[in-house]
Amino acid sequence: MKIKTYQNLEVECDLPLDADPKNLIALPALVDPHVHFRTPGAEYKENWESGALAAINGGVTTVFDMPNNTPAITTEVILDEKIKLVNEQLTKINIPLHRYFYLGATTDNLPEIEKCKNKIIGVKLFMGASTGNLLVADYEAQKNIFKKCAELNLVVAVHAEDDDIINAQKNNFPEATISDHGKIRPNRAAQIAAQKAIHLARETGVTLYILHTSTAQEIDLIRQAKKEGIKVFAEVTPHHLFLDETAYGTLGAKAQMNPPLRSKNDQNALWEAINDGTIDTVGTDHAPHTLQEKSLPYPNSPSGVPGIETYLPLLLDAHNKGKITLEKIVELTHTNPLKIFGLEKNNDLVLVDLNEIRTIKNENLKTKCRWSPFDRWELKGWPKYTILNNKIYKV
Ligand code: DOR
Ligand code: ZN
């Protein structure tokens, strides 16, 4: 069957006979540059069987997986072991998802970064502590990691929240509840960390990728840095685009993640930054935790929300509301991540129906944690088929 592409061209797809091609538009399958699929060590939250099904369900055929596992992925031996486990899990379900892995930076693993340079998509540096025990808060140690990555031509991806500010705020809010999460990890923590990271990128010439930008302040810094010609790229998550801090009241810990949800003003700055090219990619930061864990009283409730199978419908719905063009969606979810990380394009597609109206429901999700902060959101625009290596999966 011939299917129209978002650029008004045509592609041939071998769809089932009951498919109705006239309602479908082909987009390149999505690349999610930021997932936590939890292998090894927390497969009760997610593994690559459930993660790959969730990816396909969301129109995603390529993922970059984060290293804050148990054990943390900080050496070549641990990385090799992880890759072996992932391959086994994907073989079991026969979904050869395209996958890339981050190595976690520590204060003393520069030789391991060197050893892993051809096996990884980049180095992840937690400037502030989050889920897991990866943290490099010391400026000199951060600098050495930036230098090493510049020398090896590896992207440094930073979780930009300043650890000193977070720790000071924790002391200021000893009785904190969930609605204080954003005060414990304030805009300033993100701003100061982004400023340091940009400074280090200027000094070392490294390619810097700022994960989950969430504040107007980061956006200003990144816009300025890009003007200066620094190689800095910015990611935004769907939860920061579609939720704001008022969600604590309705969702409780299901709205808890790092960096936290921000104000409406910050959210507007993110949308503006999408449309003026300051933001380069959408990464879901798909970070499943069980509902049981989420029901623990703050601060024992873990930070993180799932997102890989809901971000395409959220973006298509935003498109239907006139907030974003299809070209921009493709740029953010496909073209830019490939370009920034130097990957080849493949011919995977996602076929979407822009007119379908459907409701996100926890019970329909493939992620093992089986909940979404967007549960019961009615959206217009849904993926119908995901095509991975020429094989068609009905969504
Ligand atoms: O909210 C978050 N969850 N932020 C992170 O930095 C880590 C992630 C996780 O792994 O749960
Ligand atoms: Zn993350």
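Above: the structure in question.
So, here is what we can say about the structure in this document. (Residues numbered from 1 in each chain as written. Chains lettered and ligands numbered in written order. Predicted model: local features only at pLDDT ≥ 70, side-chain atom pairs only at ≥ 80, totals over all residues. Heavy atoms only, no water.)

1. Looking at the coordination of the zinc ion (ligand 2)
Coordination of the zinc ion (ligand 2) by the protein is provided by His 34 (NE2), His 36 (NE2) and Asp 285 (OD), with metal-donor distances spanning 2.0 to 2.1 Å. Here the donor residues for the zinc ion (ligand 2) map to a single chain with the spacing H-x1-H-x248-D. The exposure class assigned to His 36 is buried, which follows from its relative accessible area of 7%. (Donors = N, O, S within 2.8 Å, 3.2 Å for Na, K, Ca; no water. Buried < 20%, exposed > 50% of the residue type's maximum accessible area, 1.4 Å probe, protein only.)

2. Considerations on the layout of surface pockets
Reported here for the largest pocket is a volume of approximately 320 Å³. Around the largest pocket, the lining is made up of 17 residues, and of these Lys 170, His 181, Arg 185, Tyr 298 and Pro 299 lie nearest the centre. Tallied by class, the residues present in the lining of the largest pocket amount to 8 nonpolar, 7 polar and 2 charged. (1 Å grid on protein atoms, 1.4 Å probe; cavity = no way out; pocket = protein on both sides within 12 Å on 5 of 7 lines; lining within 4 Å. Points joined across faces, edges and corners; volume = space filled by probe spheres on them. Nonpolar A, V, L, I, M, F, W, Y, C, P; charged D, E, K, R; others polar.)

3. With respect to the site of ligand 1
What surrounds ligand 1 is a group of 13 residues, the closest being Arg 38, Asn 68, Ser 130, Asn 258 and His 289. One nitrogen or oxygen atom from the side chain of Asn 68 is found 2.8 Å from an oxygen atom belonging to ligand 1. The contact in question runs from an oxygen atom of ligand 1 to an N or O atom on the side chain of His 159, over 3.2 Å. Surface burial for ligand 1 is 100%, taken as the share of its 290 Å² of free accessible area covered by protein chains. When atoms are counted within 2 Å of each cavity's grid points, the one that captures over half of ligand 1 is the largest cavity. (Near = heavy atom within 4 Å. Polar contact = N/O pair within 3.5 Å; in protein donor to acceptor, adjacent residues only side chain to side chain. Areas by Shrake-Rupley, 256 points an atom, 1.4 Å probe, with all protein chains shown as cover. Sits in = over half its atoms within 2 Å of the grid points.)

4. Describing helix H5 (residues 163-172)
All of the buried residues along H5 are Asp 163, Ile 165, Ile 166 and Gln 169. Viewed along the axis of H5, the buried residues span an arc of 160°, placing them on a single side of the element. Facing away from the buried surface of H5 by more than 90 degrees, the exposed residues are Asp 164 and Asn 171. Each element contacted by the buried residues of H5 is listed here: helix H6 (181-184) and helix H7 (187-204). Its side-chain oxygen placed 3.2 Å from the backbone nitrogen of Asp 164, Asp 162 serves as the N-cap of H5. (Helix = DSSP H or I, 4+ residues; strand = E, 2+ residues; numbered from the N terminus. Arc of directions from axis to C-beta. Contact = heavy atoms within 4.5 Å.)

5. Notes on the side chain of Ser 303
Within the secondary structure, Ser 303 sits in the loop between helix H12 (291-294) and helix H13 (311-320). Ignoring sequence-local partners within four residues, the contact set of Ser 303 consists of Thr 131, His 181, Gln 256, Met 257, Asn 258, His 289 and Lys 294.

6. Some remarks on the packing of aromatic side chains
Applying the stated criterion to the full structure yields 8 aromatic pairs. Ring plane angle 80° and centroid distance 4.8 Å describe the contact between Phe 37 and Trp 48, whose orientation is recorded as edge-to-face. Of this pair, Phe 37 sits in the loop between strand S4 (30-35) and helix H1 (48-57) while Trp 48 sits in helix H1; the two residues are 11 residues apart in sequence, bridging distant segments of the chain. Both residues of the pair, Phe 37 and Trp 48, belong to the buried class. (Phe/Tyr/Trp six-rings, centres within 6.5 Å; stacked < 30°, edge-to-face > 60°.)

7. A word on the sheet that holds strand S13 (residues 378-388)
Spatial ordering of the open sheet is given by S2-S1-S3-S12-S13-S14, a layout of 6 strands whose pairing is mixed. In this open sheet, the two strands that pair with only one neighbour each are strand S2 (10-12) and strand S14 (391-394). Each adjacent strand pair in this sheet contributes to an overall mean axis angle of 45°, direction not counted. Looking at chain direction, S13 and S14 are connected through 4 bridges and run antiparallel. Its bridge partner lying in S14, Thr 386 is registered against Tyr 393. Of the strands in this sheet, strand S3 (25-28), strand S12 (349-359) and S13 are in contact with H13, which crosses S13 at around 125°. (Pairing = 2+ DSSP bridges. Axes fitted to C-alpha atoms, helices over the stretch in contact; angles between N-to-C directions.)

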